[in-house]
Amino acid sequence: VGVFYRPLDKINAVIETYPKGIAGFRSFLDLMATEPDITDRPQAQAVGKLRGEVRFEDVHFGYTPDRPLLRGLDLHIPAGRTVALVGPSGAGKTTICSLLPRFYEVTGGRITIDGTDIRDMTQESLRGNIGIVQQDVFLFAGTLRENIAYGRLGATEAEIRDAARRARLDDVIADLPLGLDTLIGERGVKLSGGQKQRLAIARIFLKNPPILILDEATSALDTVTEAAIQGALAELAAGRTTLVIAHRLGTIRNADRIIVVTEQGIVEEGTHAELVKAGGVYQRLHAQAG
Ligand code: ATP
């Protein structure tokens with residue numbers, strides 16, 4: 001544990017959890033060990049808490065120069081709204097989301113939050129405004145309390161308990177003889193996938209960022225756990241600008257806007273009802289999903 005604390009502490013403001021980042025990001029340890037190739041501009045400003053109005057303006061990006069992936073993407077998410085990205089595997093949904101915290105740099109166009117180019121913000125302050133919920137949850141050997149508090153070091157006991165409750169973890173905690181003092185990790189209790197996800201959600205309640213990226217779980221959870229997580233996520237997303245990478249259509253019906261991404265870029269957008277009526281790609285995906 002001791003080995004972990006210091007570096008964790010240092011990047012805590014950055015992002016709560018990512019051993020692998022969203023899908024293919026550099027590993028957590030790599031991230032700390034290697035000099036990041038994306039550096040702050042000399043004039044970058046540390047921004048405080050943003051409102052969260054997100055704009056992608058004519059964004060171009062490719063992991064390699066010979067394979068452009070995004071060719072002029074425009075996307076606007078008003079502060080506090082939820083946009084869901086759907087589309088076939090490999091279309092670029094994860095990539096779009098990973099540009100916002102600047103895990104990768106756009107090659108053309110720009111991304112702004114509240115009108116400011118994200119490259120003019122320090123990465124630490126930018127990422128301090130973004131919470132990421134994804135399948136891989138970074139846990140360290142320690143107590144449940146310490147693992148939740150990792151969302152915001154220095155959180156009080158009351159804040160930790162409140163975050164756990166909102167993340168629907170309180171039942172889990174109540175069932176453990178040692179409660180929040182339960183050791184997790186190799187020598188302690190092994191948490192289930194659903195419990196880990198709720199722990200990640202609790203961290204973000206503590207962090208309280210205005211912007212949220214949800215990489216929806218693909219793995220099947222039992223219905224009770226699924227309902228608890230969906231409830232917690234809905235509460236977490238309320239009032240925050242939210243970008244959802246949807247792997248299933250059922251959970252995004254209520255998104256303010258659904259964007260269908262294919263290799264051709266954004267091919268459709270609208271509400272669930274609009275897209276079903278439009279009879280395009282989304283309608284077909286919807287029909288397949290039953
Ligand atoms: P899925 O639904 O399977 O998660 P996706 O729509 O999120 O797919 P991305 O993960 O954004 O798609 O991938 C878009 C393309 O970029 C794919 O062809 C993928 O192989 C490629 N790609 C993704 N990450 C990297 C990376 N780190 N380096 C190189 N290519 C990558």
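Residues numbered from 1 in each chain as written. Predicted model: local features only at pLDDT ≥ 70, side-chain atom pairs only at ≥ 80, totals over all residues.

An unreviewed UniProt entry lists the chain under the name ATP-binding cassette subfamily B protein, with Roseococcus suduntuyensis as the source organism. Listed in UniProt under the heading Subcellular location (unreviewed entry), the comment for the chain reads: "Cell membrane". (UniProt positions renumbered as here; feature names shortened; annotations may be inferred.)

(A) Structural view of helix 8 (residues 193–207). Its 15 residues give helix 8 an end-to-end C-alpha distance of 21 Å, which sits within 8% of 21 Å, the value for a rise of 1.5 Å per residue. Within helix 8, 12 of the 15 residues are buried, which leaves it mostly tucked inside the rest of the structure. Of the positions making up helix 8, those classed as buried are Q195, Q197, R198, L199, A200, I201, A202, R203, I204, F205, L206 and K207. Tucked inside the fold, the buried residues of helix 8 contact strand 6 (130–133), helix 5 (144–149), helix 6 (157–166), helix 7 (170–175) and helix 9 (223–237). Looking one or two residues past helix 8, N208 carries a phi angle of roughly 55°, positive in sign. (Helix = DSSP H or I, 4+ residues; strand = E, 2+ residues; numbered from the N terminus. Expected span 1.5 Å × (residues − 1). Buried ≥ 20, exposed ≤ 12 C-beta atoms within 10 Å, placed from the backbone. Contact = placed C-beta atoms within 7 Å.)

(B) Quick look at the sheet that holds strand 2 (residues 70–77). Ordered in space as 2-1-4-5, the 4 strands form an open sheet in which the pairing is antiparallel. Two strands lie at the open edges of the sheet, namely strand 2 and strand 5 (116–117), each paired on one side alone. In this sheet, strand 5 lies alongside strand 4 (residues 108–113) in antiparallel orientation, the contact comprising 2 bridges. Residue pairing in the sheet places T112 in a bridge with D117 of strand 5. (Pairing = 2+ DSSP bridges.)

(C) Layout of the environment of V54. Along the chain, V54 falls in strand 1 (residues 54–61). Residue V54 is classed as buried on the basis of its 25 C-beta neighbours within 10 Å. Put simply, V54 and D74 are 20 residues apart on the chain and 11 Å apart in space, counted from C-alpha to C-alpha. For V54, the residues in contact, after removing those within four places along its chain, are I77, L100, I113, I211 and T241.

(D) How the structure looks around the sheet that holds strand 3 (residues 82–86). The strand order 6-9-10-3-11-12 describes an open sheet built from 6 strands, whose pairing is mixed. The sheet terminates laterally at strand 6 and strand 12 (265–270), the two strands that pair on one side only. Each adjacent strand pair in this sheet contributes to an overall mean axis angle of 20°, direction not counted. Across 4 bridges, the pairing between strand 3 and strand 11 (residues 257–262) is parallel. Paired with L85 across the strands is I259, a residue of strand 11. (Axes fitted to C-alpha atoms, helices over the stretch in contact; angles between N-to-C directions.)

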